[in-house]
Amino acid sequence: RHGAVKSEDTFKTSPFHLDLWFYFTLQNWVLDFGRPIAMIILPLEWFPLNKPSAGDYFHMAYNVITPFLLLKLIERSPKTLPRSMIYVSIIMFVMGASIHLVGDSVNHRLIFSGYQHHLSVRENPIIKNLKPETLIDSFELLYYYDEYLGHSMWYIPFFLILFIYFTGCFTPVEEESRMPMAALLLMGPSSLYYWYLVTEGQIFILYIFTFFAMMALVMHQKRKGLVLDSNGLFLFYSFSITLVLIAGWVVWLWNDKILRKKYPGVIYIPEPWAFYTLHMNNLHAAKE
């Protein structure tokens, strides 16, 4: 009976998954955050511009390891979760991350040719003078696959799976609503990564709706006498700290006129890579 919730599941508990959360944090930092850094710092002679970069191989490893870790996380839930939804979400996650791999690979390699992420596609000096002009449309299509379609198919199922897992992280035993020291140590790196994920992926709406859903579920379960276990607390507090980091990031760059132009509208959350190409790109001059 896929998706059925067994009555005895309600009172099962689960210890803190130190191994899984550690692997999550490590591979997120190395394979996701670290992939554009590896692409920039490693010698261009090792990875020519017409070949996959080191960051692309990091991305490929991420696309394989992350779904596996998500499945292992779901398996350890003390509650029986809707497997069909989990499997469909994993499939969409892999498709979205793979689409993003292609678009992101080209966009990041363009940095070596002088592409500036704080400008739109048509405003970039290396793009706006292309002939014929229909080539610009092709680059905008690439940007769409990278920043919109790829991100949506990647992040929506990712946050959905985390939320589905979160629904099973409740216990009636107050003593189990505590985090071990290892969880507290991992919370900082985990929160900082989610900050990067939300700001670089431009998915604040998805993140904040997921966080609000978590808060609503916590209040609903509290009326039933249930509290979060250590794994649920780890996720909830990580998302809470992420919100504080995002707020600090926005306040810091609030008066940046150039980034304001790139990110108009009510929700102003600049991408770290746009900040990099605007304020720090002089450290890595365009290579021939």
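Predicted model only: the values in this text are computed from it and were never measured.

**Observations regarding the confidence of the model for the chain**
Mean pLDDT over the chain works out to 86, with 92% of the residues at or above the 70 mark. Scored below 50 in pLDDT, residues 1-10 shows 14 contacts in the model against residues more than four places distant or in partner chains. Counted against residues more than four places away or in other chains, residues 283-288, with its pLDDT under 50, gives eight contacts.

**Some words on the nonpolar core**
Nonpolar side chains tend to gather and get buried jointly when the protein is soluble and globular. Counting residues in hydrophobic clusters, the biggest one holds 67 residues, and the most contacted among them are Trp-21, Tyr-207, Leu-235 and Phe-239. Counting only elements with at least two residues in this core, the list comes to helix H1 (18-41), helix H2 (54-75), helix H3 (83-109), helix H5 (134-166), helix H6 (181-201), helix H7 (204-222), helix H8 (230-252) and helix H10 (272-279). Sequence-distant contacts of Tyr-207, that is, excluding residues within four places in its chain, are made with Phe-159, Val-198, Phe-239, Thr-242, Leu-243 and Ile-246. Ranked by size, the runner-up nonpolar core spans six residues in total, among them Leu-110, Tyr-115, Val-121 and Ile-136.

**What to know about the UniProt feature "transmembrane region" (unreviewed entry) in the chain**
According to UniProt, the feature "transmembrane region" (unreviewed entry) maps to residues 20-42, 57-74, 86-103, 154-173, 203-220 and 232-254 in the numbering used here. Across residues 154-173 one finds 65% helix and 10% strand; the C-alpha atoms that close the span lie 35 Å apart.

**Things to note about the environment of Asn-231**
When you line up the elements, Asn-231 lands in helix H8. Expressed as a C-alpha distance, the spacing of Asn-231 and Leu-18, which sit 213 residues apart in the sequence, is 9.2 Å. Excluding its chain neighbours within four sequence positions, the residues that come into contact with Asn-231 are Ser-14, Pro-15, Phe-16, His-17, Trp-21, Tyr-165 and Cys-169.

**Focus on the packing of H7 against H8**
The interhelical angle for the contact between H7 and H8, taken along N-to-C directions, is 135°, at an axis separation of 11 Å. Relative to H8, the element H7 lies oblique. Here H7 and H8 pass one another in a crossing that is left-handed. Contacts between H7 and H8 involve Phe-204, Tyr-207, Ile-208, Thr-210, Phe-211, Met-214, Met-215 and Val-218 on the former and, on the latter, Leu-235, Phe-236, Phe-239, Ser-240, Thr-242, Leu-243 and Ile-246.

**Re unusual backbone geometry**
Leaving glycine out, the prevailing phi sign among residues is negative, and the prevailing peptide bond configuration is trans. The phi dihedral of Gln-202 falls on the positive side, at around 55°, and the residue is not glycine. The class of Gln-202 is partly exposed, set by a relative accessible area of 37%.

**Concerning the side chain of His-100**
Checked against the element boundaries, His-100 lands in helix H3. Take His-100: its relative accessible area is 3%, and that puts it in the buried class. A polar contact is formed between the side chain of His-100 and the side chain of His-59, at a distance of 3.0 Å.

**Examining the packing of aromatic side chains**
This model, assessed by the stated rule, comprises 32 aromatic pairs. With a centroid separation of 6.3 Å and 40° between ring planes, the pair formed by Tyr-62 and Phe-93 is classed as tilted. Here Phe-93 lies in helix H3 and Tyr-62 lies in helix H2, a separation of 31 residues in the sequence. A relative accessible area of 1% places Tyr-62 in the buried class. On the basis of relative accessible area, Phe-93 is assigned to the buried category, the value being 0%. Taken together, a centroid distance of 5.1 Å and an interplanar angle of 75° make the contact between Trp-195 and Trp-249 edge-to-face. Within this pair, whereas Trp-195 is found in helix H6, its partner Trp-249 is found in helix H8, the two being separated by 54 residues in sequence. Comparing Trp-195 with Trp-249 shows no difference in burial state: the two are buried. Positioned above the aromatic ring of Trp-254 is the side chain of Arg-260, whose terminal nitrogen or guanidinium carbon lies 4.0 Å from the ring centre. Here the basic side chain of Arg-260 rests over the ring of Tyr-268, its NZ or CZ set 4.1 Å away from the ring centre.

**Examining the environment of Leu-192**
Here Leu-192 lies in helix H6. Leu-192 sits in the partly exposed class, given a relative accessible area of 35%. Remark: the alpha-carbon pair of Leu-192 and Leu-162, spanning 30 residues in sequence, is separated by 17 Å.

**Here's the deal with H6**
Taking 1.5 Å of rise per residue, 21 residues should cover 30 Å, and H6 covers 30 Å from first to last C-alpha, within 8% of that figure. At Met-187, H6 is bent by approximately 35°, the largest bend along its length, and proline Pro-189 sits one to four residues beyond. One or two positions beyond H6, positive phi appears at Gln-202, with a value near 55°.

**Comments concerning the side chain of His-17**
Among the structural elements, His-17 can be located in the segment before H1. Within the structure, the side chain of His-17 is placed 3.2 Å from the backbone oxygen of Pro-15, a separation counted as a polar contact. Contacts of His-17, omitting those with residues within four sequence positions, involve Leu-73, Arg-76, Tyr-165 and Asn-231.

The rules behind these values
- Residues numbered from 1 in each chain as written.
- Predicted model: local features only at pLDDT ≥ 70, side-chain atom pairs only at ≥ 80, totals over all residues.
- Heavy atoms only, no water.
- pLDDT = per-residue confidence, 0-100.
- Contact = heavy atoms within 4.5 Å.
- Core = buried A, V, L, I, M, F, W, Y, C linked by side-chain atoms within 4.5 Å.
- Buried < 20%, exposed > 50% of the residue type's maximum accessible area, 1.4 Å probe, protein only.
- Helix = DSSP H or I, 4+ residues; strand = E, 2+ residues; numbered from the N terminus.
- UniProt positions renumbered as here; feature names shortened; annotations may be inferred.
- Axes fitted to C-alpha atoms, helices over the stretch in contact; angles between N-to-C directions.
- Parallel < 35°, antiparallel > 145°, perpendicular 65-115°, else oblique.
- Left-handed = near helix turned anticlockwise from the far one by under 90°.
- Polar contact = N/O pair within 3.5 Å; in protein donor to acceptor, adjacent residues only side chain to side chain.
- Phe/Tyr/Trp six-rings, centres within 6.5 Å; stacked < 30°, edge-to-face > 60°.
- Lys NZ or Arg CZ within 6 Å of the ring centre and 35° of its normal.
- Expected span 1.5 Å × (residues − 1).
- Bend = angle between axes of the 7 residues up to and from the residue.

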